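For reference, the chains in residue letters:
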Amino acid sequence: MITLKNIKKSYFIGERELPILKGINLEIGKGEFVLLMGVSGSGKTTLMNIVGLLDKQTEGEYQFMETSIDGLDDEVLAAMRNMHIGFVFQQFFLLPYLNAIENVLIPIVYSHKEIKHPREKAKLLLGRFGLSERIHNKPSQLSGGEQQRVAIARALINDPDLILADEPTGALDSKTGNEIMELFRILNEDGKTVIVVTHDPKLASFGKRLIRIEDGTISEDITSYLKILYYYRGRVVFSFSGVALGILSICVIITTIEGANKKAHDIFEILGPDSIMIFGGGERQRAARVRINTLTFRDAELLQRIQGIYDLMKVYQVRNVTMRYRDRNWQTQVVGSTTNYFESFSWGFQVGSVFTNDDYANAEAVCVIGSKVYDELFKGEDAVGKVILVGKLPTKVIGVLEERGGSTGGPNIDDRV
């Protein structure tokens, strides 16, 4: 959908050149949910304006919907914006003298699309966002969250292929902001491509991809949910990108404390163990041909509120990752989790120690290796303090786990990083 090649943007103050974007290379496919993150002045809004056909690059090539943007005049760009892009802004930009449904209908005035029964469609959109009883209210009669919902409905009235949102939660409280981000998530599940520009790291968990802009360049392009969790202030074990995460699981550690729900008690007594592994599953159940919604970070937070839950940790597993130390290679499983992982499984160390709070806070590239990985890579040498390649990321070994032994009919628990 979007292809940017060596995009540069400069502004000129007299004869002085002020470079804003310094060679952006980026591809965004149909159906992605991307968070474009950076501090004020990083260039993220300038990049959004170029992506949204509101501004033109100084240098570079831009293809949108398989069409080269270079050389197109303002009238053509305006028509493309109206047909393909829906905008949502921090300040809503609703016309104060129009009511909610009239604001939603504004893009149709300029549209070349044939939209049947537009007023009914506007009502349906507002109803979907919980504003059925507010369609005749003017902006001054709506809360900030309600105004932003009207703005989102306005962005959708022409059925755009792409939704561009610039700091859509910036003028809202955190609860309302999360509700707005949840709307974007639902729209993405419906097939819309969504790009949200934000400086707020707490929103990172809503996206499927995080692109970080620093000083006019892309400093990180993350599709790893593990790294996105770090930006969400979660405490994770590993910090790396470029590895496709295979299995998302949430491990819930249960103990039968006094006052726990009786029904849950009975189930756990039947199951026997005091821990349950819950897998997120795939996006689709092929045989049934129905959509399956996978577990999210917010689901994990809700699970932790259940009476009887003693502890909860998110576990992220990546299979078949190549480890390298000197001339030795070994393919194994990479696991990322929260601080309580080793304690919850009563897993001790042969040598070294667990991650520190500073490691988590700084997302240090450090790891703990299982005894099988130690045998294959180090063959009796000291491992602690040595650097191995986890995929392509140099990572310092800070500990070697005690041997647990292989699982019958399953993977060797010692064969992991």
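Residues take numbers from 1 onward in each chain, read along the sequence in its written order. This being a predicted model, a pLDDT of at least 70 is required before a residue's local features are given, and a value of 80 or more before pairs of side-chain atoms are given or counted; all residues contribute to the totals for chains, interfaces and linings. The side-chain quantities take in all heavy atoms of the structure and omit both hydrogens and water.

Colleague: Lay out the overall build of the protein chain with the relevant residues and their values.
Modeller: Helix and strand content of the protein chain: twelve helices and 20 strands. Only protein chains enter the accessibility calculation, which uses a 1.4 Å probe; a residue whose area is less than 20% of its type maximum is buried, one above 50% is exposed, and one in between is partly exposed. In the protein chain, which comprises 417 residues, the share counted as buried stands at 47%. Throughout, a residue-residue contact means that at least one pair of heavy atoms, one from each residue, lies within 4.5 Å. Counting only contacts in the protein chain whose residues sit at least 6 apart along the sequence, the fraction spanning at least 24 positions is 67%. Helix and strand labels come from DSSP, where a helix needs a run of H or I of at least four residues and a strand needs a run of E of at least two; each type is numbered from the N terminus.

Colleague: Please provide a residue-by-residue account of helix α1 (residues 44-51), values included.
Modeller: Of all eight residues in α1, six are buried; the element is thus mostly enclosed. Every buried residue of α1 is listed here: Lys44, Thr46, Leu47, Met48, Ile50 and Val51. In the segment just after α1, Leu53 is the residue with positive phi, at about 65°.

Colleague: Lay out the packing of helix α4 (residues 118-128) against helix α5 (residues 144-156) in plain terms, naming residues and giving numbers.
Modeller: The relative placement of two packed helices is expressed as an angle between their axes plus a distance between the axes. Only the stretch in contact is used when a helix axis is fitted, and all axes are lines through C-alpha atoms; the angle between N-to-C directions ranges over 0 to 180 degrees. Contact geometry of α4 with α5 gives a least axis separation of 9 Å together with a crossing angle of 140°. As the angle between them shows, α4 and α5 are arranged oblique. In this structure, α4 meets α5 at a crossing whose hand is right-handed. Across the interface between the two elements, Lys121, Leu125 and Leu126 of α4 pack against Val150, Ala153 and Leu156 of α5. Polar here means any residue other than Ala, Val, Leu, Ile, Met, Phe, Trp, Tyr, Cys and Pro, which are nonpolar, and Asp, Glu, Lys and Arg, which are charged; Gly is therefore polar. By residue class, the composition of the contact of α4 with α5 is five nonpolar, no polar and one charged. Roughly parallel refers to an angle under 35 degrees, roughly antiparallel to one over 145, roughly perpendicular to one between 65 and 115, and oblique to any angle outside these ranges. Left-handed describes a crossing whose near helix is turned anticlockwise from the far helix through less than a right angle; right-handed describes the clockwise counterpart.

Colleague: Got a sec to walk through the packing of aromatic side chains? Specific residues and values, please.
Modeller: Aromatic rings from Phe, Tyr and Trp, taking only the six-membered ring of Trp, are treated as a pair when their centres fall within 6.5 Å; an angle between ring planes under 30 degrees marks them as stacked, one over 60 as edge-to-face, and anything in between as tilted. Under the criterion given, the structure shown has five aromatic pairs. Both rings, one in Tyr62 and one in Phe64, keep their centres 6.4 Å apart while their planes meet at 55°; by these two values the pair is tilted. Of the two residues examined, Tyr62 and Phe64, each falls in the buried class. Between Tyr374 and Phe378, the ring centres sit 6.0 Å apart and the planes meet at 20°, which makes this aromatic pair stacked. A single burial state applies to Tyr374 and to Phe378, both of which are buried. Through a chain of ring-to-ring contacts, the aromatic side chains of Phe87, Phe89 and Phe93 assemble into a single cluster.

Colleague: Outline the pattern of salt bridges, listing residues and values.
Modeller: In what follows, salt bridge is the name for a side-chain nitrogen of Lys or Arg lying within 4 Å of a carboxyl oxygen of Asp or Glu. One pass over the structure, following the stated rule, counts 15 salt bridges. For Glu376, the salt bridge goes to Lys372, with nearest N and O atoms at 3.0 Å. With Glu376 and Lys372 both in helix α12 (residues 371-377) and four residues apart, this pair spans about one turn of that helix. What emerges from the salt-bridge pattern is a single network uniting Arg149, Lys175 and Glu179.

Colleague: I'd like to hear about the sheet that holds strand β4 (residues 59-64), residue by residue, with values.
Modeller: Sheet strands pair by backbone hydrogen bonding; their relative direction is either parallel or antiparallel. Being paired, for any two strands, means DSSP has found at least two bridges between them. Strand order in the open sheet formed by four strands is β2-β1-β4-β5, and the pairing between neighbours is antiparallel. In this open sheet, the two edge strands, each paired with only one partner strand, are β2 (16-28) and β5 (67-68). The strands touched by α1 are β1 (2-13), β2 and β4; relative to β1, the strand with the most contacts, the crossing angle is about 120°.

Colleague: With reference to specific residues and values, describe the pairing of strand β18 (residues 366-369).
Modeller: Neither face of β18 is open: one carries Val366 and Val368, the other Cys367 and Ile369, and all of them are buried. Judged from the four bridges that link them, β18 and strand β20 (residues 393-401) form a sheet pairing that is parallel. The partner of Val368 across the bridge, within β20, is Gly399.

Colleague: Can you lay out the pairing of strand β3 (residues 33-37) for me, pointing to particular residues and giving the numbers?
Modeller: Where burial is concerned, most of β3 is hidden: five out of the five residues are buried. By the alternation rule, side chains of β3 split into Phe33, Leu35 and Met37 and Val34 and Leu36, which are all buried. Pairing between β3 and strand β9 (residues 209-214): four bridges, direction parallel. Each residue of the ladder has a partner; that of Met37, found in β9, is Arg212.

Colleague: Summarise the sheet that holds β9; cite the residues concerned and give the values.
Modeller: Read across the open sheet, the six strands follow the order β6-β7-β8-β3-β9-β10; overall the sheet is mixed. In this open sheet, the two edge strands, each paired with only one partner strand, are β6 (85-89) and β10 (217-222). The sheet shows a mean angle of 15° between the axes of neighbouring strands, direction not considered. As defined by bridge partners, β9 adjoins β10 across five bridges and the pair is classed as antiparallel. Its bridge partner being in β10, Ile211 is matched across the sheet by Asp221. The sheet strands contacting α1 are β3, β6, β7 (162-166), β8 (193-198) and β9, and the helix crosses β7 at an angle near 155°.

Colleague: Summarise helix α6 (residues 174-189); cite the residues concerned and give the values.
Modeller: Multiply 1.5 Å by the residue count of a helix minus one, and that product is the helix's expected span. A rise of 1.5 Å per residue sets the reference length of α6, with its 16 residues, at 22 Å; its end C-alpha atoms lie 22 Å apart and thus fit the reference within 8%. Restricting attention to buried positions, one finds in α6 the residues Thr176, Gly177, Ile180, Met181, Leu183, Phe184, Arg185, Leu187 and Asn188. What qualifies as a polar contact is a pair of N or O atoms within 3.5 Å, subject to a donor-acceptor requirement within protein and to the restriction that residues adjacent in sequence count only when both atoms come from side chains. Near the N-terminus of α6, the side chain that reaches the backbone nitrogen of Lys175, with its oxygen 3.1 Å away, is that of Asp173. Just beyond α6, the residue with positive phi is Gly191, at close to 110°.

Colleague: Go over the nonpolar core, please, and point to the residues and values.
Modeller: By size, the foremost hydrophobic cluster in this structure holds 39 residues, and its most contacted members are Phe33, Leu126, Val150, Ile152 and Phe184. Those elements giving two or more residues to this core turn out to be β3, α3 (100-109), α4, α5, β7, α6 and β8. Once residues lying within four places of it in the same chain are set aside, the contact partners of Phe33 are Met181, Phe184, Arg185, Asn188, Val194, Val196, Phe206, Gly207, Lys208 and Arg209. Grouped together as the second largest cluster of nonpolar side chains are 29 residues, Ile2, Met80, Leu164 and Val197 included. Put simply, a nonpolar core is a bunch of buried Ala, Val, Leu, Ile, Met, Phe, Trp, Tyr and Cys residues held in one set by side-chain atoms that sit within 4.5 Å of each other.

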